[in-house]
Amino acid sequence: MSGQLAGRVAVITGSGRGQGLVAAQLFAREGAKIIVNDLDQESVTKAVDSIIAAGGEAAGVAGDVANADDVQRVLAAAKEKFGRLDIIYNNAGIGFSATERMGIKMDDTVNCTVEDWQRILDINLTGVFLFCKFGIPLLHDGRGVIINTASIAALKGARNAHAYTATKGGVVALTRSLAVTYGQQGVRANTICPGVIDTEMIQSVLLSSNATRDAIASGTPVGRIGTPRDIAELALFLASDASSFITGQTIACDGGATA
Ligand SMILES: NC(=O)c1ccc[n+]([C@@H]2O[C@H](COP(=O)([O-])OP(=O)(O)OC[C@H]3O[C@@H](n4cnc5c(N)ncnc54)[C@H](O)[C@@H]3O)[C@@H](O)[C@H]2O)c1
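Just so you know, these numbers come straight off a predicted model, no measurement behind them.

Draft legend 1. Up close: helix H1 (residues 18–29). End to end, H1 covers 17 Å across 12 residues, agreeing with the expected 16 Å (1.5 Å per residue, within 8%). Within H1, 11 of the 12 residues are buried, which leaves the element mostly enclosed by the surrounding structure. By the burial criterion, the buried members of H1 are Gly-18, Gln-19, Gly-20, Leu-21, Val-22, Ala-23, Ala-24, Gln-25, Leu-26, Phe-27 and Ala-28. In the stretch just after H1, Gly-31 is the one whose phi turns positive, near 100°.

This is the structure:
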């Protein structure tokens, strides 16, 4: 298959829905073979089927990014199914509606429970660490691309989501360290900081009414809410050779919200 990612194999975490799913579909259209990962088998199967139905190649492994055994199973599938690993896209994360569904309260430091703090850290930060720890040694010829997902919440203070902002800030700092440590062996690592993106994560919280949608859109310089496709296009650029001189960077994709 031709395309910007022809011949590459990508693992994309949390790609059963939302930004990860759209990136998986775009990467596959650009020639990459995809390992889809998410928590539930149903969303993984659906995502894999959608890629194959569009003429792409994909396989799926359900698993929790915070579980070291699951992470190694997901990564091993890249070699087992497609013979190599080139791109690790750490997209999975929890916040807002996702945390609510899990009974986790996003709160300020004083009011956040120690348990909730730890669970958010486990998924949003330790998950990224685990995929890098076990994934970098598997990269094809030691070379490859890491894309990590933070948030514009990492770039400014937030009143009531301290654990979330701390994990995303941690992702930014970890990514810089990955870039300077493994750059000379041919590994590039960059962080995407999405702004407000229309996915399940925030639909029932930040985008629950037309009034809140309009307020967020009109408060954003480009005058609209972001789409998963906006993020996927940036991720594709960072995954491709077009960005071969870009590493260690933190790139906001937020319609100008942090400008
Ligand atoms: N939507 C936004 O406005 C926004 C803004 C800034 C940052 N982000 C970040 O973008 C990333 C993608 O979020 P999204 O908007 O697509 O949300 P989403 O909730 O639609 O998708 C996240 C996916 O990650 C999966 N996931 C959660 N925990 C997991 C785990 N432990 N193991 C494996 N998979 C897991 C979920 O099941 C889900 O499919 C997240 O890291 C999120 O923090 C989102």
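Let us keep going from here.
Draft legend 2. Representation of helix H5 (residues 114–135) in the model. Its 22 residues give H5 an end-to-end C-alpha distance of 29 Å, which sits within 8% of 32 Å, the value for a rise of 1.5 Å per residue. The largest bend along H5 reaches roughly 40° and is located at Thr-126. Taken together, the buried positions of H5 are occupied by Ile-120, Ile-123, Asn-124, Leu-125, Gly-127, Val-128, Leu-130, Phe-131, Cys-132 and Gly-135. Elements that come into contact with the buried residues of H5 comprise strand S1 (9–12), helix H3 (68–82), strand S4 (87–90), helix H4 (97–101), strand S5 (144–149) and helix H6 (162–182).

Draft legend 3. Region of interest: the environment of Ala-163. With respect to the element layout, Ala-163 can be found in helix H6. As for Ala-163 and Asp-108, which are separated by 55 residues in sequence, their C-alpha atoms are 7.9 Å apart. Contacts of Ala-163, omitting those with residues within four sequence positions, involve Met-106, Cys-112, Asp-116, Trp-117, Ile-120 and Leu-121.

Draft legend 4. Expanded view of the sheet that holds strand S7 (residues 250–253). One open sheet accounts for 7 strands, arranged S3-S2-S1-S4-S5-S6-S7; its pairing is parallel. In this open sheet, the two strands that pair with only one neighbour each are strand S3 (57–62) and S7. The sheet shows a mean angle of 20° between the axes of neighbouring strands, taken without regard to direction. Along the sheet, H6 makes contact with S5, strand S6 (187–194) and S7, crossing S6 at roughly 160°.

Reading guide: rules and limits
- Residues numbered from 1 in each chain as written.
- Predicted model: local features only at pLDDT ≥ 70, side-chain atom pairs only at ≥ 80, totals over all residues.
- Helix = DSSP H or I, 4+ residues; strand = E, 2+ residues; numbered from the N terminus.
- Expected span 1.5 Å × (residues − 1).
- Buried ≥ 20, exposed ≤ 12 C-beta atoms within 10 Å, placed from the backbone.
- Bend = angle between axes of the 7 residues up to and from the residue.
- Contact = placed C-beta atoms within 7 Å.
- Pairing = 2+ DSSP bridges.
- Axes fitted to C-alpha atoms, helices over the stretch in contact; angles between N-to-C directions.

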